[in-house]
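Listed here are the chains, written in short residue letters.
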Amino acid sequence: MGLSGISLLTTTYSLILQHQSLLLCLRAKGFGLDLKKDMEGVDYLSDERKKAQFDVEAMKIAWAGSLEAFQLSDRMAKLVANDPAFEKFTRPMLGRKELIKNTLRKAAHGWKLIVDLRLTEEEAKWLRLYIDEPAYTDLHWGMFIPAIEGQGTEEQKKKWLPLAKKMQIIGCYAQTELGHGSNVQGLETTATFDPQTDEFIMHSPTLTSSKWWPGGLGKASTHAVVYARLIVGGEFHGVHGFIVQLRSLDDHSPLPGVTVGDIGMKFGNGAYNTMDNGVLRFDHVRIPRDQMLMRVSQVTREGKIMQSDVPRQLIYGTMVYVRQTIVADASKALSRAVCIATRYSAIRRQFGSRNGGPETQVIDYKTQQSRLFPLLASAYAFRFVGEWLKWLYTDVKERLAANDFSTLPEAHACTAGLKSLTTSFTADGIEECRKLCGGHGYLVSSGLPELFAVYIPACTYEGDNVVLLLQVARFLVKTVSELGYKKPVGTTAYMGRVASLMQNNCAVQTAEGWLNPGAVVEAFESRAARMAVRCGQQLAKYENPEEGFAELSADLVEASIAHCQLIVVSKFIEKLQQDIPGKGVKQTLEVLCYVYALFLLHKHQGDFLATGYLTPKQASLANDQLRTLYSKVRPNAITLVDSFNYTDHYLGSILGRYDGNVYPKLYEAAWKDPLNDSDVVDGFYEYVQPILKQKLRTAKL
Ligand SMILES: CCCCCCCC/C=C\CCCCCCCCCC(=O)SCCNC(=O)CCNC(=O)[C@H](O)C(C)(C)COP(=O)(O)OP(=O)(O)OC[C@H]1O[C@@H](n2cnc3c(N)ncnc32)[C@H](O)[C@@H]1OP(=O)(O)O
Ligand SMILES: Cc1cc2nc3c(=O)[nH]c(=O)nc-3n(C[C@H](O)[C@H](O)[C@H](O)COP(=O)(O)OP(=O)(O)OC[C@H]3O[C@@H](n4cnc5c(N)ncnc54)[C@H](O)[C@@H]3O)c2cc1C
């Protein structure tokens, strides 16, 4: 290395020393330099932590939901973090086969822990979360078992659930096909009843009927809940779920008539490629009649279709359950990205140095705050709306068990809408966190590229986000059209006050006036009601409602977003009306709640202005208040992300390390890259040296 290289390095290191004054001796491998090494065990963020204006331990409990939930999650996080079998830093460098084998190994080790330590289902769920590697087990526990629980008869549950829960069979959820995903009624796989043998014949009549995408199907599953067109007596009777064995329980080979495999590599390194999303075709595969999930409809021995008093929509019930869990996961993924970006923003310094003093921490730039703090506030908002949605789902489940189906449409609209809202925002938020970390955010060791790659399909799976918002729109349009004779309840109760929401305008006169939950909720209610009513009025102009719906669908999607944002804002405010113990905890959450609401109001001010609820002056006052709120978040930023209680293992990020010891660890990690195993790159003699040594014939070059 030449002198200029060495002086560049020395300058870099003097900068590091300037930023983190406790570096003592770093060995620069490959450069023959003996540089100073950092002091392990030093907390570079301790000054930040001293600024906290609230009780961090109490905030951890508020985030977890209860002391018991906190302790359980903390125990599982540490169990995983302290077990070398769950190492994950090499994951992005593994080839596909190694990657899948590694995932199978981790899943087996996880299962061994679950059995040996006799973990409860709740503990096992957290254990899988902290193992932090998408695997067939997600679909087995997250969809296969819930599908049987929700759509199976008591007899079917008795037969299949013990096998599945002991993992004596492995299942997946095979709904989507090559040709159809969103349009479930358009699925082509057939299940034809044969009264001679009392069996269903599962068949894939076309290429496009091949099942395509189911997670765990490609290589792991022995069974699947397969969604297919029920054909009895030559007639189509809707799409239903069937339990089908795919592979031998002895040697795992596909059963006769079953063609099954993996669909190939997906976006990103490591990331979702640990999952064996699969393709499946049936060639007249026979299954016993009692393997059709029969809670909704039954096929008798004689080939008669019997409808129970359960609505047909219950066939979609597993999706309601999973969408609810996806909302909870959104807060986890967003909080994780925000934790990384916040800690790094406090470590990173750029510009502003005077007289050789330290430069400005980038977290102190107002632009950084205006991008980062709304994401932090959203992580908390999604956490609380997720908690509420879990309650709503549990309530619906209990009602369904008692044959009360009245709240199913609202549960469907809420889970579909909030799944869409939270996953779209989180996917964008993770990418924003990468940008907030500047160049280093693009390194795999920042943890952000893999998190992004794993997360973005959440905008598509379990229902494309636009398709789901259109479902919310149908629910809203129906609610508006029934206003004259039916009192709206639940999350649409505000529509009952539609006359005043259409007439009254915002009364806020000062920036402080926005620090009022009533004013905030009314603003969001008025915007949502006015947008829904406007869509209803527009739709009424069309003779054919379906044609009108299609024509206005972009506006309908915006009205749905307004309705869903209202739900998140009001559930955050409702949460703050509860008792939240701990010094300063409630006050700090109040600040975040206002940040969330006023950030949305600022971002969507076009809606609030166009519907005539706000004046430009009032919108501008909201923005003034937002700036003040950012200053209130600033001293608490690091401890607010500490309150997520994430281990360094789970975060998987050098930039987000708890101790903030970023630069030495980034430097160290670079040297662990296999490319740095040798000084001279493999291929040099074949491909580089000949160029260097070439004798040029054209003098001009
Ligand atoms: C750094 C590394 C980090 C690692 C991190 C690791 C952590 C782990 C990470 C990830 C693991 C996560 C695991 C997640 C796994 C992914 C799982 C994905 C699984 C899937 O995708 S399964 C397939 C899902 N498919 C869909 O969602 C299809 C979407 N389509 C539909 O839902 C419907 O078909 C439709 C609603 C769009 C259909 O519309 P339409 O044709 O109009 O519908 P109809 O059939 O006619 O029925 C309309 C009628 O039914 C009502 N309704 C519709 N859906 C439901 C429902 N779900 N529940 C109740 N009711 C419903 C609808 O309102 C209509 O009612 P009405 O007639 O108006 O009264
Ligand atoms: C990582 C991953 C895992 C998955 N896991 C599973 C699994 O385990 N089991 C399973 O069965 N499936 C699974 N899926 C499939 C998934 O559920 C579907 O991909 C999803 O439901 C979207 O359907 P689609 O692919 O048909 O999209 P399409 O419907 O083809 O969407 C394409 C575009 O068309 C638009 N569009 C479609 N319909 C309308 C409409 N009516 N109005 C306006 N716009 C519309 C969409 O907004 C989108 O922009 C998985 C998918 C992924 C990516």
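Only a predicted model underlies this, so the values are computations on that prediction, with no experimental measurement involved. (Residues numbered from 1 in each chain as written. Chains lettered and ligands numbered in written order. Predicted model: local features only at pLDDT ≥ 70, side-chain atom pairs only at ≥ 80, totals over all residues.)

### Focus: the overall build of the protein chain
- Regarding its fold elements, the protein chain presents 24 helices and 13 strands.
- Against the 2.2 N^0.38 benchmark of 27 Å for 701 residues, the protein chain shows a C-alpha radius of gyration of 28 Å, consistent with a compact globule.
- Here the protein chain holds 701 residues, and the buried ones make up 43% of them.
- A fraction of 73% describes how many contacts in the protein chain between residues 6 or more apart in sequence connect residues 24 or more apart. (Helix = DSSP H or I, 4+ residues; strand = E, 2+ residues; numbered from the N terminus. Rg over C-alpha atoms; globule rule 2.2 N^0.38 Å. Buried ≥ 20, exposed ≤ 12 C-beta atoms within 10 Å, placed from the backbone. Contact = placed C-beta atoms within 7 Å.)

### Remarks on the site of ligand 1
- If you check the shell around ligand 1, you find 29 residues, and the closest are Val184, Gln313, Tyr316, His412 and Gly463.
- Listing elements by their share of the shell around ligand 1, those giving two or more residues are helix 7 (136–151), helix 9 (317–347), helix 11 (408–436), helix 12 (448–455) and helix 13 (465–481).
- Structurally, the shell around ligand 1 is a two-domain feature, drawing no fewer than three residues from each of domain 2 (146–308) and domain 3 (319–641). (Near = placed C-beta within 6 Å. Domains from an automatic or database assignment.)

### Examining the sheet that holds strand 6 (residues 211–212)
- Strand order in the open sheet formed by 3 strands is 6-10-9, and the pairing between neighbours is antiparallel. Two strands lie at the open edges of the sheet, namely strand 6 and strand 9 (258–262), each paired on one side alone.
- When strand 6 meets strand 10 (residues 278–282), the two strands line up antiparallel, connected through 2 bridges. Note on strand 10: the bridge partner recorded for Trp212 is Val279. (Pairing = 2+ DSSP bridges.)

### Looking at the site of ligand 2
- What surrounds ligand 2 is a group of 21 residues, the closest being Gln175, Thr176, Gly181, Ser182 and Trp213.
- Elements represented by at least two residues in the shell around ligand 2 include exactly strand 3 (171–174) and helix 13.
- Tallying contributions element by element places helix 13 first for the shell around ligand 2, with 3 residues.
- Residue classes in the shell around ligand 2 are distributed as 11 nonpolar, 8 polar and 2 charged.
- For the shell around ligand 2, the two domains that each supply at least three residues are domain 2 (146–308) and domain 3 (319–641). (Nonpolar A, V, L, I, M, F, W, Y, C, P; charged D, E, K, R; others polar.)

### Here we look at helix 12
- Most of helix 12 sits out of view: 7 of its 8 residues are buried.
- Along helix 12, the positions that sit buried rather than exposed are Leu448, Pro449, Glu450, Leu451, Phe452, Val454 and Tyr455.

### Details of the pairing of strand 8 (residues 235–245)
- Here 9 bridges tie strand 7 (residues 223–232) to strand 8, and the two strands are oriented antiparallel to one another. Residue pairing in the sheet places Ile231 in a bridge with Phe236 of strand 8.
- Connecting strand 7 to the next strand, strand 8, in antiparallel fashion are 2 residues, including Gly233 with a positive phi near 60°.

### What about the confidence of the model for the protein chain?
- Residues of the protein chain with pLDDT of at least 70 account for 94%, and the chain-wide mean is 93.
- In this model residues 1–37 is a low-confidence stretch, pLDDT under 50, and it forms 40 contacts with partners more than four residues away in sequence or in other chains.
- Both scores are available for the predicted complex, with the pTM at 0.94 and the ipTM at 0.97. (pLDDT = per-residue confidence, 0-100.)

### A closer look at the nonpolar core
- Ranked by size, the top nonpolar core spans 183 residues in total, and within it Val595 and Tyr596 carry the most contacts.
- Looking at this core element by element, the count peaks at 17 residues for helix 9.
- Looking at which domains feed residues into this core, each of domain 2 (146–308) and domain 3 (319–641) gives three or more.
- If sequence neighbours within four positions are ignored, Tyr596 has contacts with Pro374, Ala377, Ser378, Ala381, Val569 and Phe572. (Core = buried A, V, L, I, M, F, W, Y, C linked by C-beta atoms within 7 Å.)

### So, the pairing of strand 3
- Every second residue of strand 3 is oriented toward a common face, with Gly171 and Tyr173 on one face and Cys172 and Ala174 on the other, all of them buried.
- Across 4 bridges, the pairing between strand 3 and strand 7 is parallel. Within strand 7, the residue paired with Gly171 across the bridge is His223.

### A short note on the packing of helix 11 against helix 13
- Here helix 11 crosses helix 13 at 140°, and the two axes come no closer than 8 Å. Here helix 11 and helix 13 pass one another in a crossing that is left-handed. Along its contact with helix 11, which presents Pro409, His412, Ala413, Ala416, Gly417, Lys419, Ser420, Thr423 and Ser424, the element helix 13 presents Asn465, Leu468, Leu469, Gln471, Val472 and Phe475.
- Of the residues that constitute the contact of helix 11 with helix 13, the class distribution is 7 nonpolar, 7 polar and 1 charged. (Axes fitted to C-alpha atoms, helices over the stretch in contact; angles between N-to-C directions. Left-handed = near helix turned anticlockwise from the far one by under 90°.)

### Observations regarding the UniProt feature "domain: Acyl-CoA oxidase C-alpha1" (unreviewed entry) in the protein chain
- Residues annotated in UniProt with the feature "domain: Acyl-CoA oxidase C-alpha1" (unreviewed entry) correspond here to residues 316–477.
- For the annotated span residues 316–477, helix accounts for 72% and strand for 0% of the residues, and the straight-line distance between the end C-alpha atoms is 21 Å. (UniProt positions renumbered as here; feature names shortened; annotations may be inferred.)

### Remarks on unusual backbone geometry
- Here the phi dihedral of Asp132 falls at roughly 60°; this positive angle occurs in a residue that is not glycine.
- Inspection of the secondary structure assignment puts Asp132 in the loop between helix 6 (121–131) and helix 7.
- For Asn403, which is not a glycine, the phi torsion comes out positive at approximately 60°.
- In this structure, Asn403 sits in the loop between helix 10 (366–401) and helix 11.
- Taking the C-beta count within 10 Å as the criterion, Asn403 has 9 such neighbours and is therefore assigned exposed.

### Quick look at the packing of helix 17 (residues 553–576) against helix 18 (residues 585–603)
- Two elements in contact, helix 17 and helix 18, have axes separated by 10 Å at closest approach and are oriented at 165°. The orientation of helix 17 relative to helix 18 falls into the category roughly antiparallel. In the crossing of helix 17 with helix 18, the sense of the turn from one axis to the other is left-handed. Note on element contacts: helix 18 touches helix 17 through Lys586, Leu589, Glu590, Cys593, Tyr596, Ala597 and Leu600, opposite Gln565, Val569, Phe572, Ile573 and Leu576.
- When the residues that make up the contact of helix 17 with helix 18 are grouped by side-chain class, the tally is 9 nonpolar, 1 polar and 2 charged. (Parallel < 35°, antiparallel > 145°, perpendicular 65-115°, else oblique.)

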